[in-house]
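Listed below, chain by chain, are the residues.
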Amino acid sequence: MAVKIKDVTNYLESIAPRAYQESYDNSGLLVGDAQAEVTGILITLDCTEAVVQEAIDSGCNLVVAHHPIVFKGLKKFTGSNYVERTIMLAIRHDIALYAIHTNLDNVHTGVNRMIAGKIGLTGLRILAPRPDTLQKLVTFIPEADTEKVLAALHEAGAGQIGEYKNCSFRVDGTGTFQPTEAANPHIGQAHRQEYVRETRAEMIFPAHRRGDLLAALRKNHPYEEVAYYITPLVNENQEVGAGMIGELATPIEPLAFLQGLKSSMNLKMLRHTAILPKNIQKVAICGGAGSFLLQDAIRAGADVLVTADFKYHEFFDADGRIIIADIGHYESEVFTKELLQEVLMKKFHTFANIFSKTVTNPISYL
């Protein structure tokens, strides 16, 4: 069966839902027909004219990039800048452009886990978990149908807590109701008060799966009118959020850590604050621009924050409490291409998943 562009994008969004992108972001399918058949995928960090041309030359009609080529609204297409020229070239040659940006940054299996693997960190956890991504479902199910309904809800995404799945809380009780003349009850008769042994089931689910969850509930619940309620939660989601923190197996002298970081991340240079006397063991990381996480890293007891795009005055905020290691935006995220290829190869084998050979780093070092 032919694979369509929407099959690829839906799969990527099952791993990094677009609901997890930041408000300023523009992830998703930016150019192209979602119903088109995929001939090949070119994987890149940035989408530029050269990357689109590489896709054309390679026979790939889908470019999967980390950074969106379009952040702001475009009012004209005259080729006056590289964004317009890139979009125009893609449209002329039927090349679809897809971006998977801060949603991939914010999932615990995403960009930061790749960096952590390069550095050799263990005991990984989200540095700044998001509090706005979970909801709770409570519903009432006849005892005989409880397992069937809960299985369908778990399949739809409910009850996953960290490495534990199919989680729920159940209480047995009695449900009461009286069908009217117009009702078509699964249990009971019109105008007669009914008393049914029911299970009250509660489970947490990702807020963006609400539609899937309610569809599964209505399809599998035997009642004509399903009783349920949904509550937004302020709980932090330990699997979604900015940055990551972990530990080295053995503490290491700061300068040796920085030299090892330069080697493992294939850096030409890095910028850092003053070397502190304490050995490095707890390491905070954030691919791309991560200065906003400095205080989170300090509160978490990190010895060093590895990220990019610190401004001059922001380096002062380390204030002798932590080492800031700014390794460069491109350099911190370039290995995202490996992550995307690994993810895509698990699912799609009937066409090529090609690493872009185009170096898109706009910064050169003398």
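Treat the numbers as computed from the prediction; the structure is a model and nothing was measured.

1. Describing the nonpolar core
- Ranked by size, the top nonpolar core spans 52 residues in total, and within it Val8, Ile41, Phe257, Leu261, Val283, Ile285 and Val306 carry the most contacts.
- The leading source of residues in this core is helix α5 (residues 111-119), at five residues.
- The contact partners of Val8, leaving out residues within four places of it in the chain, are Val3, Val38, Ile41, Leu62, Leu344, Phe348 and Phe351.

2. Describing the sheet that holds strand β7 (residues 169-177)
- One open sheet holds the four strands; their spatial order is β7-β8-β6-β9, and the pairing between them is antiparallel. The outermost strands of the open sheet, each flanked by one partner alone, are β7 and β9 (228-232). Across the sheet, the mean angle from the axis of one strand to that of its neighbour is 25°, orientation sign disregarded.
- Pairing geometry for strand β6 (residues 134-142) and β9, over five bridges, is antiparallel. Bridge pairing in β9 links Val138 to Tyr229.
- Against the sheet, helix α6 (residues 146-155) touches β6, β7 and β8 (194-206), its axis set at about 160° to β6.
- Lying on the sheet, helix α7 (residues 210-220) is in contact with β6, β8 and β9; it crosses β9 at an angle near 165°.

3. Here we look at the packing of aromatic side chains
- For the structure shown, the criterion picks out five aromatic pairs.
- Arranged with centres 5.5 Å apart and planes meeting at 45°, the rings of Phe310 and Phe315 form a pair that is tilted. Per residue, the accessibility class of Phe310 equals that of Phe315, and both read buried.
- With a centroid separation of 5.6 Å and an interplanar angle of 85°, the aromatic rings of Tyr312 and Phe316 are classed as edge-to-face.
- Residue classification places Phe316 among the exposed positions, given a relative accessible area of 54%.
- Grouping aromatic residues by their ring pairs yields a cluster made of Tyr11, Phe348 and Phe351.
- Above the plane of the ring of Phe335 lies Lys118, whose end atom (NZ or CZ) is 4.3 Å from the centre.
- Note that Lys337 overlies the ring of Phe355, its terminal NZ or CZ placed 5.6 Å from the centroid.

4. Re the pairing of strand β14 (residues 323-326)
- Burial along β14 is two-sided: the residues Ile323 and Ala325 and Ile324 and Asp326 are all buried.
- In this sheet, β14 lies alongside strand β11 (residues 271-272) in antiparallel orientation, the contact comprising two bridges. Bridging from a neighbouring strand, His272 pairs with Ala325 of β14.
- Two elements, strand β13 (residues 304-308) and β14, share four bridges in a ladder whose sense is parallel. Note that in β14 the partner of Leu305 across the bridge is Ile324.

Conventions used here
- Residues numbered from 1 in each chain as written.
- Predicted model: local features only at pLDDT ≥ 70, side-chain atom pairs only at ≥ 80, totals over all residues.
- Heavy atoms only, no water.
- Core = buried A, V, L, I, M, F, W, Y, C linked by side-chain atoms within 4.5 Å.
- Buried < 20%, exposed > 50% of the residue type's maximum accessible area, 1.4 Å probe, protein only.
- Helix = DSSP H or I, 4+ residues; strand = E, 2+ residues; numbered from the N terminus.
- Contact = heavy atoms within 4.5 Å.
- Pairing = 2+ DSSP bridges.
- Axes fitted to C-alpha atoms, helices over the stretch in contact; angles between N-to-C directions.
- Phe/Tyr/Trp six-rings, centres within 6.5 Å; stacked < 30°, edge-to-face > 60°.
- Lys NZ or Arg CZ within 6 Å of the ring centre and 35° of its normal.

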